[in-house]
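Residues per chain, in single letters:
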Amino acid sequence: MDRALVDLVKREFKDALFSTLGRFPEAATRNDLYLALALAARRELLRRSVATSETYYRKASRTVCYLSAEFLLGPHLANNLLNLGVEAETRQAMSELGHDLDRILTQEEEPGLGNGGLGRLAACYMDSLATLAIPAIGYGIRYEFGIFDQLIHDGWQVEKTDKWLALGNPWEIARPEIAFDVGFSGHTEAKAADGRYRVVWIPERRVRGVAYDTPILGYRNGTANLLRLWKAEAAESFDFAAFNQGDYWGAVDQKVDSENITKVLYPNDELVRGKRLRLEQQYFFVCCALQDMIRIYLQKGAPLSGFHEKYAIQLNDTHPALAVAELMRLLVDVHAMGWEEAWDVTRRSLAYTNHTLLPEALEKWPVEMFGSVLPRHLEIVYEINRRFLDEVRDRYPGDEGRVLRLSLIDEAAPRSVRMAHLASVGSHHINGVAALHTRLLKADVLRDFHELWPEKFVNVTNGVTPRRFLALANPRLAALVTGAVGDGWPRDLELLRGLEPLAEDAAFRAEWRKVKRANKADLAAVIEARAGVACDPDSLFDVQVKRIHEYKRQHLNVLHVVALWQRLRREPQAAVPPRTVVFGGKAAPGYRMAKLVIKLIHSVAEVVNADPATRERLRVAFVPDYNVSNCMPIFPAAELSEQISTAGKEASGTGNMKFAMNGALTIGTLDGANVEIREAVGADNFFLFGLTVEEIHALRSAGYRPRDRYEGDPVLREVIDALAGGTFARGDAALFQPIVDSLLDQDPWLLLADFRPYLESQAAVERAYLDKERWTRMSILNTARMGRFSSDRGVADYCRDIWRVSPVPIELPPRPA
Ligand code: NBG
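Not measured: the values here are computed from a predicted model.

Draft legend 1. The overall build of the protein chain, seen in detail. Per the secondary structure count, the protein chain includes 34 helices and 24 strands. The C-alpha radius of gyration of the protein chain comes to 27 Å, within 12% of the 28 Å expected for a compact globule of 817 residues. Along the longest, intermediate and shortest principal axes, the C-alpha atoms of the protein chain span 90 × 75 × 60 Å. Counting contacts in the protein chain only where the partners sit at least 6 residues apart, residues at least 24 apart contribute 77% of the total. When the accessible surface of the protein chain is split by element, carbon and sulfur atoms take 52% of a total near 30,500 Å². Placing the 102 positive and 109 negative side-chain charges of the protein chain at their respective mean positions leaves the two points 2 Å apart.

Draft legend 2. Structural view of unusual backbone geometry. With omega at -10°, the peptide bond leading from Ala413 into Pro414 counts as cis. Tracing the backbone through its elements, the reader meets Pro414 in the loop between strand S15 (409–410) and strand S16 (416–418). In this structure, Ser185 takes a positive phi of about 60° despite not being glycine. One can find Ser185 in the loop between strand S7 (173–184) and strand S8 (187–193).

Draft legend 3. A look at the packing of aromatic side chains. Enumeration over the complete set of coordinates arrives at 21 aromatic pairs. Between the aromatic rings of Phe388 and Trp453, the centroid separation amounts to 5.7 Å while the plane-to-plane angle is 35°, which identifies the pairing as tilted. Of this pair, Phe388 sits in helix H14 (residues 375–395) while Trp453 sits in the loop between helix H18 (447–452) and strand S18 (457–459); the two residues are 65 residues apart in sequence, bridging distant segments of the chain. Overall, the relative accessible area of 2% leaves Phe388 in the buried class. We classify Trp453 as buried; its relative accessible area is 8%.

Draft legend 4. Up close: the site of the ligand. Glu270, His355, Asn462, Glu650 and Gly653 are the nearest of the 15 residues found near the ligand. Within the side chain of Glu650, a nitrogen or oxygen atom sits 2.6 Å from an oxygen atom of the ligand. The separation between an oxygen atom of the ligand and a polar main-chain atom of Ala651 is 3.3 Å. Burial of the ligand by the protein amounts to 93% of the accessible area it has alone, namely 380 Å².

Draft legend 5. Up close: the packing of helix H11 (residues 323–334) against H14. Running from N to C, H11 and H14 point in directions that differ by 100°, and their axes come no closer than 9 Å. Taken together, H11 and H14 sit at an angle that is classed as roughly perpendicular. When H11 is examined against H14, the residues Val324, Ala325, Glu326, Met328, Arg329 and Asp333 are found in contact with a partner set consisting of Arg376, His377, Ile380, Val381 and Ile384. Split by residue class, the contact of H11 with H14 holds 6 nonpolar, 1 polar and 4 charged.

Draft legend 6. Region of the structure containing the sheet that holds S16. Strand order in this open sheet of 3 strands is S14-S16-S15, and the pairing throughout is antiparallel. The open sheet terminates on both sides in strands that have one partner only, identified here as strand S14 (364–366) and S15. Of the pairings in the sheet, the one linking S15 to S16 comprises 2 bridges and is antiparallel in character. Its bridge partner lying in S16, Asp410 is registered against Ser416.

Draft legend 7. View of the sheet that holds strand S11 (residues 224–234). The strand order S7-S10-S11-S4-S1-S12-S13-S17-S18 describes an open sheet built from 9 strands, whose pairing is mixed. Edge positions in the sheet fall to S7 and S18, since each has one partner strand and no second. Taken pair by pair, the neighbouring strands of this sheet meet at an average axis angle of 25°, ignoring direction. Running at roughly 95° to S11, helix H2 (residues 30–59) makes contact with strand S4 (136–141), S7, strand S10 (205–217) and S11 of the sheet.

Draft legend 8. Highlighting helix H12 (residues 339–349). Turning to H12, its buried residues are Trp339, Ala342, Trp343, Val345, Thr346 and Ser349. Here the buried residues of H12 occupy an arc of 165° about the axis, which is enough to place them on one side. Here the buried face of H12 lies against helix H10 (307–310), strand S12 (311–316), H11, strand S13 (350–353), H14 and helix H16 (419–425).

Draft legend 9. Representation of the state of the cysteines in the model. Across all of its chains, the model carries 0 disulfides by this definition. In this structure Cys631 is not part of a disulfide, and its nearest cysteine sulfur, from Cys124, lies 9.7 Å away. With no disulfide of its own, Cys799 has Cys65 as its nearest cysteine by sulfur position, at a separation of 13 Å. A residue is classified by how much of its surface remains accessible, and Cys799, at 9% relative accessible area, is buried.

Draft legend 10. Structural view of the pairing of S11. Summarising burial for S11: 10 of the 11 residues are buried, a large majority. Strand direction decides the pairing type here: S4 and S11, joined by 5 bridges, are parallel. Within S11, the position partnered with Gly140 by the bridge is Leu229. In the sheet, S10 pairs with S11 via 11 bridges, with the strands oriented antiparallel. Paired with Arg208 across the bridge in S11 is Glu233. Counting the residues in the hairpin turn of S10 and S11 gives 6 residues, including Arg220, whose phi is positive at 50°.

Draft legend 11. Focus on the environment of Gly584. In this fold, Gly584 is placed in strand S20 (residues 579–584). Under the relative-accessibility criterion, Gly584 is labelled buried at 2%. Ignoring anything within four residues of it in the chain, the contact list for Gly584 reads Gln544, Val545, Lys546, Ile548, Phe622, Val623 and Tyr626.

Draft legend 12. How the structure looks around the pattern of salt bridges. Following the criterion strictly, the structure yields 71 salt bridges and no others. Ionic pairing is found between Arg788 and Glu679, a salt bridge with its closest N-O pair at 4.0 Å. Of this pair, Arg788 sits in the loop between helix H33 (772–784) and helix H34 (791–803) while Glu679 sits in helix H27 (residues 674–681), and the two are 109 residues apart along the sequence. The class of Arg788 is partly exposed, set by a relative accessible area of 35%. Classification of Glu679 as exposed rests on a relative accessible area of 55%.

Draft legend 13. Looking closely at the packing of helix H6 (residues 117–131) against H34. Across the interface, H6 lies against H34 with an axial gap of 8 Å and an inter-helix angle of 75°. It follows that H6 is roughly perpendicular to H34 by the angle criterion. Facing Cys124, Tyr125, Ser128, Leu129 and Thr131 of H6, the residues of H34 in contact are Ser791, Asp792, Gly794, Val795, Tyr798 and Trp803. Grouping the constituent residues of the contact of H6 with H34 by class yields 6 nonpolar, 4 polar and 1 charged.

Draft legend 14. Spotlight on the pairing of strand S23 (residues 665–668). Of the two faces of S23, the one holding Leu665 and Ile667 and the one holding Thr666 and Gly668 are both buried throughout. Both strand S22 (residues 640–643) and S23 contribute to a ladder of 4 bridges, which runs parallel. Its bridge partner lying in S23, Gln643 is registered against Gly668. For the crossover from S22 across helix H26 (residues 655–661) to S23, the handedness is right-handed. Relative to strand S24 (residues 687–688), S23 runs parallel, the two sharing 2 bridges. Bridging from a neighbouring strand, Ile667 pairs with Phe687 of S24. On the question of chirality, the crossover connecting S23 to the parallel S24 by way of H27 is right-handed.

Draft legend 15. Inspection of the environment of Pro303 at higher detail. For Pro303, the position within the fold is in the loop between helix H9 (276–298) and H10. Here Pro303 falls in the exposed class, since its relative accessible area comes to 57%. For the pair Pro303 and Val6, spaced 297 residues apart in sequence, the C-alpha separation works out to 50 Å.

Cut-offs applied
Residues numbered from 1 in each chain as written. Predicted model: local features only at pLDDT ≥ 70, side-chain atom pairs only at ≥ 80, totals over all residues. Heavy atoms only, no water. Helix = DSSP H or I, 4+ residues; strand = E, 2+ residues; numbered from the N terminus. Rg over C-alpha atoms; globule rule 2.2 N^0.38 Å. Contact = heavy atoms within 4.5 Å. Areas by Shrake-Rupley, 256 points an atom, 1.4 Å probe, with all protein chains shown as cover. Lys, Arg positive; Asp, Glu negative; His and termini not counted. Charge placed at Lys NZ, Arg CZ, Asp CG, Glu CD. Phe/Tyr/Trp six-rings, centres within 6.5 Å; stacked < 30°, edge-to-face > 60°. Buried < 20%, exposed > 50% of the residue type's maximum accessible area, 1.4 Å probe, protein only. Near = heavy atom within 4 Å. Polar contact = N/O pair within 3.5 Å; in protein donor to acceptor, adjacent residues only side chain to side chain. Axes fitted to C-alpha atoms, helices over the stretch in contact; angles between N-to-C directions. Parallel < 35°, antiparallel > 145°, perpendicular 65-115°, else oblique. Nonpolar A, V, L, I, M, F, W, Y, C, P; charged D, E, K, R; others polar. Pairing = 2+ DSSP bridges. Arc of directions from axis to C-beta. Disulfide = S-S within 2.5 Å. Salt bridge = Lys/Arg side-chain N within 4 Å of Asp/Glu carboxyl O. Right-handed = clockwise from strand over helix to strand, strands pointing away.

Written out as structure tokens, the structure reads:
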């Protein structure tokens, strides 16, 4: 332990408490303590941030700009202490001052500026960019309210506003001088100027976007990249015309209206509803981001024709796809570049990541709304489309069907702008997020684009940061791993391979089990406190945590729970290991089926957990408010990871990686990154079941009749009959009827088709679990072989295949005395 560092932390902590917060220690609340420690850490962040920005500026480094409407960061303090490498000293300093670091850490409200996997991926990539010393800026939206907090009332989800900023945010720095005007609505005029025609957009409304910067640290290096989030403010805090006419309220109204744009994150995951405010949010942050890039670029006085040499702009799904039209507008209308050159610059700057194959998640904006919010952009989209379709007609003469399919405009009423097409046309590369997903993109959703430009398509399988999800979440396992393979693994996860031979070492396996057992005891305490369910840390911990969605099939998991319960009642002597089935996840507030699935989980839990005949052998718990903080005790304690989506529906999944890294075995379908995880860990160390994408196609075209499955399988029948008969609904047989009907009539997600194979796979899990030594071997091999699922590998792939950027390491000047 570095004694001088302990003293420094104490000094800076006290200094922040007195000089910034104006508190004496006896009066300090837990929030004061947290803020003081955060401010002390922030000094170190800023030291790195200043050195980083100064280096990038001096070297005019090629920079990745990651545009994302969501960044699901999770709490900063613990992660920053880890990356700075000062955790032990900080703990010591706090303890010498009479405080408990862990207690202070729980005070932080996490910035929940994302819905699920897509936003968390953006956060993992920011972490890896900084760790790999890649010059990068993340651009997004500073939502005042992030993803709602989930409460459970009588088994139902209730949403509560997430007031994450209420007690202050010590990690951000407001930059009121970095602010841009963003126009909306109005009309366009063609004007002759400098001997050429120029189009001028006269917006009807202007909003100001103000930058808020959060430094993102690399792991134990000098880098701190910027996450720059935009907050909407009134362009003028008073509309003076209205004010002078005595319309005070009208003037203030306008301010309130402007601020609405960044008020709240849309809580829908994988579903778009054509809401005008959401379109405004998307344009707002893209417009600020591009103006900011141009501002930075012009500091060096170079002509904008080289813009694409300076920036590699990544579009995280289609939410920022307006960047295609906005960059064209800025270059052509504002900076007077010719169309062809501007188009060349635009296409060389942008690349697009697709994150979904679900049709309901593919963004489309009705042309009428689009034109009313962004009249100039609609003209630009039309012009891009006109030129693009000319090219298509040249390549495929007479193929008007193809022209219709490729068009940026969907002609079906109401006509709409297809954002995935806009992003595809305006980008130099298009990528999917797992091998299977990229293959299906090429074959299906973007097939015509693939035929047109096969060279544009690449795959970059997702990854997750081992810093947060192994080092920070699972200190016991981290220590064991470090003891075995050294301390290099957090930045080179392939080093975990060194664990492989230890799978054959009985003493190491015993240590491995000890770690898992302790993590399970921790989680059991959390579950007891938060869900009111007591569970046995010696039972098999079977976990499914993720957004609640029919395609993810939490209800298939429930069908298994019910089948297991019925079997345990029937065969009390069966050689079945005791099991605790844990669920967690939020449902979109307007998604009725998903909310009913949450209720179903609670209802089944109520009955099963109270049944004296089975309660020693089966428990069910729903952990409320699944988010980044709450996931931390879950991954380390899980033994079985449920990744059971309908094949072809989960683009990648990233929770699957967090579980396996922490030594859980996966039960899963051939979907998303499961395919590659299974390849990596070995088929013997993975519980596979279910129809493949091809088999699903075949089944559908042969005519799938779920009711036949129900009638043909007595076990399934008993399960469904229990749901339909009110066994779990306190006698109210109608309660779960929508689920039963959906399964028996259409079963769009093929639960009944996969039910039998799922049950058999669960039986294989039971057998494997009864052999502790075998299970532990498999668990060790899972962790050992997860190296390629580090987000560092993901970022390295993007750097090599898409961005063409290289590291710019930061030399940190010595700490001022
Ligand atoms: C999600 C996919 C996940 C994937 C993440 C990150 C959207 C639109 N897509 O499978 O459903 O892991 O993106 O790529 O949220």
